Amino acid sequence: MSAASCLLTEDQFLCSICLDVFTDPVSTPCGHNFCKNCITEHWNVNVRSRCPNCKKVFNSRPELQVNTFISEMAARFRQSAQQKASSSSSEQQAAKPGEVPCDVCTGTKLKALNSCLVCLASYCETHLEPHLTMSGLKRHQLIDPVENLEGRMCTKHDKLLELFCKTDQMCVCVLCTYSGHKTHDLVPLEEECEGKKAELEETEAEIQQMLQKRRLKIQEIKQSVVLCEEDADREIADGVQVFTALKESVERSQAELIDTIKEKQRKTEKQAEGFIEELEQEISELKKRSTEVVQLSRSEDHLHLLQSFRTLNTAPPTKDWTGVRVSPPSYEGTLARAVNQLEETLSEQMKKLFEAELKRVQQSAVDVTLDPDTANPYLILSDDGKQVKCGDVKKNLPDNPKRFDTYANVLAKQSFSSGRFYYQVEVKGKPKWTVGVARESIDRKEDITLTPQKGYWTIWLRNENEYKAHADPSVSLSLKSQPEKVGVFVDYEEGLVSFYDVDAAALIYSFTGCCFAEKLYPYFSPCNNDGDKNSAPLIISPVNHAG
């Protein structure tokens with residue numbers, strides 16, 4: 001029987017109605033076999049008794065008897081198939097959480113390999129076998145295992161969703177084409193999917209571009225961090241070098257001061273020692289003379305006394321010490337000179353620092369030109385937009401919202417809302433002027449208050465030598481020299497606005513901790529003509545990077 005079993009195939013023992021192994025198989029007069037319940041229900045549903053396979057019609061319903069031979073063979077095959085399935089099940093994996101289980105398995109649910117869109121069921125390897133071998137089941141549409149196959153059925157007609165309605169952008173079944181979607185633009189799901197796949201490919205390409213841009217931005221930011229670290233290390237090294245030099249200079253000045261004072265003290269001590277030595281020598285001679293005088297006064301030898309008296313009576317070589325004094329050395333000015341020397345050294349170091357700082361900020365130089373649409377009607381601008389002065393005649397100009405109409409002010413055409421920028425203004429020959437930056441939303445029509453709260457970060461000159469920074473409150477500036485060229489530097493993110501005396505390479509003033517939230521414009525005011533006393537123009541000068 002084992003040899004015969006090897007020749008048995010599943011197709012030989014499957015009912016063509018239920019597509020499963022025969023249960024109580026019966027034969028029709030035409031020779032075809034079916035499950036008894038399957039053929040009975042089939043004939044109960046249909047009016048005429050007809051063979052489902054060959055379509056032969058029987059005038060009267062045949063009396064059906066169980067085919068014992070086929071029944072026995074089917075039982076043997078079922079047993080063999082169950083043993084095979086049991087063996088196969090032990091090799092297959094049980095469905096894990098998140099995996100689609102087989103709908104046919106009883107007990108342990110095995111992992112499904114495919115789902116059938118016709119049967120609306122999922123099958124493991126064993127229960128999928130009929131769909132791979134039987135001709136009737138091979139025509140069924142298999143897909144990768146999915147859950148909720150009922151969701152692929154039309155809820156209205158209980159048919160498979162096979163079409164896509166472009167009009168309503170939804171999936172429909174065949175029967176929907178005869179009802180609510182009759183006149184709509186319908187295409188097979190496959191066709192619509194191809195279009196959607198093309199869109200998805202475009203979307204994926206866009207996503208990849210976005211990913212690439214962001215990866216490049218990450219690299220850019222990382223590189224910026226590296227540059228920042230290098231800048232920080234360089235700044236620290238420069239700072240350490242400068243402060244080390246200053247410390248050494250202070251220590252050297254201190255040592256020189258101490259040496260100077262000690263040297264004066266040594267000279268005083270040496271002078272005093274000389275005086276003391278000379279006095280002690282005279283004391284010694286006077287003692288000796290005193291001894292001789294005493295001895296002679298006690299002598300009884302009259303001749304010897306008279307002969308020696310002439311010698312002793314002569315005044316000894318003494319010095320008048322009445323006016324001799326040891327005065328403490330004068331230290332007046334010693335400390336002041338030392339501090340002054342230290343200050344000169346510090347000034348030299350500061351100058352070097354500011355020269356280096358000015359060169360750095362000048363690397364952010366931008367090309368700035370004046371905007372005639374913002375200029376007060378009394379202002380006269382050069383054709384190249386680089387010079388401005390105040391005239392005596394008011395020009396007839398359109399009163400646009402951007403124009404200053406009360407004060408002699410003008411803004412640059414260029415605006416800045418990030419990063420750093422620097423420009424220079426020549427102020428030579430002007431007894432008064434104002435320069436700086438202003439935010440876009442400043443009031444240009446009313447009285448202007450030059451403070452950061454009102455959107456201005458500026459410095460000015462009045463009365464030829466009165467410099468002031470318009471902080472809140474304003475700060476009077478004491479400058480060593482009068483600037484002829486003023487540099488203006490802004491670091492938007494840092495919130496910094498600094499002004500420099502370009503020729504002296506000196507910092508004039510810095511606004512720190514500023515909070516910028518809108519565009520900034522370079523701001524200029526040559527101030528009024530003042531009877532030609534202030535007729536010189538403000539000149540936007542080029543930056544000499546080599547200087």
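Chains are numbered independently. Their residues run from 1 in the order of the written sequence. Only residues with pLDDT of at least 70 are given local features in this predicted model, and only at 80 or more are side-chain atom pairs given and counted; all residues enter the totals for whole chains, interfaces and linings. As a convention, hydrogens and water are excluded, and side-chain values are obtained from all of the structure's heavy atoms.

1. As for the layout of surface pockets
Part 1 of the argument: We place a 1 Å grid over just the protein atoms. Points where a 1.4 Å probe fits but has no way out form a cavity, open points with protein on both sides within 12 Å along at least 5 of 7 lines form a pocket, and any residue with an atom within 4 Å of a point lines it. Grid points are joined across faces, edges and corners, and a volume is the space filled by probe spheres set on the points. By volume, the second largest pocket is sized at about 810 Å³.
Part 2 of the argument: For the second largest pocket, the lining is made up of 19 residues, of which D231, R360, R420, F489 and D491 are closest to its centre.
Part 3 of the argument: Strands are runs of DSSP state E lasting at least two residues, helices are runs of H or I lasting at least four, and both sets are numbered from the N terminus onward. Looking at the lining of the second largest pocket, the elements with two or more residues in it are helix 6 (189-297), helix 8 (334-362), strand 19 (485-491) and strand 20 (496-501).
Part 4 of the argument: It is helix 6 that contributes the most residues to the lining of the second largest pocket, 6 residues altogether.

2. Observations concerning the confidence of the model for the protein chain
Low pLDDT marks stretches whose predicted atomic positions should not be read closely.
Part 1 of the argument: A residue's pLDDT is simply how confident the predictor is in it, with values from 0 to 100. Chain-level pLDDT for the protein chain is 86 on average; 94% of the residues reach the 70-or-more range.
Part 2 of the argument: Any pair of residues with heavy atoms lying within 4.5 Å of one another is described as a contacting pair. A low-confidence stretch, residues 1-6 stays under pLDDT 50, and its non-local contacts, those more than four residues away or across chains, total 2 contacts.

3. Side note on the sheet that holds strand 9 (residues 170-172)
Consider a sheet: its strands pair through backbone hydrogen bonds, and that pairing is either parallel or antiparallel.
Part 1 of the argument: Strands were regarded as paired on the criterion that DSSP finds at least two bridges between them. Taken in spatial order, the 3 strands line up as 9-8-10 in an open sheet, and their pairing is antiparallel. What marks the edges here is a single partner per strand, and that holds for strand 9 and strand 10 (186-188). Averaged over neighbouring strand pairs, the angle between their axes works out to 35 degrees when direction is ignored.
Part 2 of the argument: As paired strands, strand 8 (residues 163-165) and strand 9 are joined by 3 bridges and run antiparallel to one another. What sits directly across from F164, in strand 9, is C171.
Part 3 of the argument: Helix axes use the C-alpha atoms of the stretch in contact, all axes being lines fitted to C-alpha atoms, and the angles between their N-to-C directions lie in the range 0 to 180 degrees. This element, helix 6, spans strand 8, strand 9 and strand 10 of the sheet and lies at about 90 degrees to strand 10.

4. Describing the environment of R439
Part 1 of the argument: Tracing the backbone through its elements, the reader meets R439 in strand 15 (residues 433-439).
Part 2 of the argument: Aside from chain neighbours lying at most four places away, what touches R439 is P452, Q453, K454, G455, W457, E518, K519 and L520.

5. Digging into the packing of helix 6 against helix 8
Any two packed helices are characterised by the angle at which their axes cross and by the distance between the axes.
Part 1 of the argument: Contact geometry for helix 6 and helix 8: axes closest at 9 Å, N-to-C directions at 165 degrees. Classified by the angle their axes make, helix 6 and helix 8 are roughly antiparallel. In this structure, helix 6 meets helix 8 at a crossing whose hand is right-handed. Counted together, E235, V242, A245, L246, S249, V250, S253, L257, T260, I261 and K264 of helix 6 and T334, L335, A338, L342, T345, L346, Q349, L353 and R360 of helix 8 form the full contact between these two elements. In these notes the angle categories are as follows: under 35 degrees is roughly parallel, over 145 is roughly antiparallel, 65 to 115 is roughly perpendicular, and the rest is oblique. A crossing counts as left-handed when the near helix is turned anticlockwise from the far one by less than a right angle, and as right-handed when that turn is clockwise.

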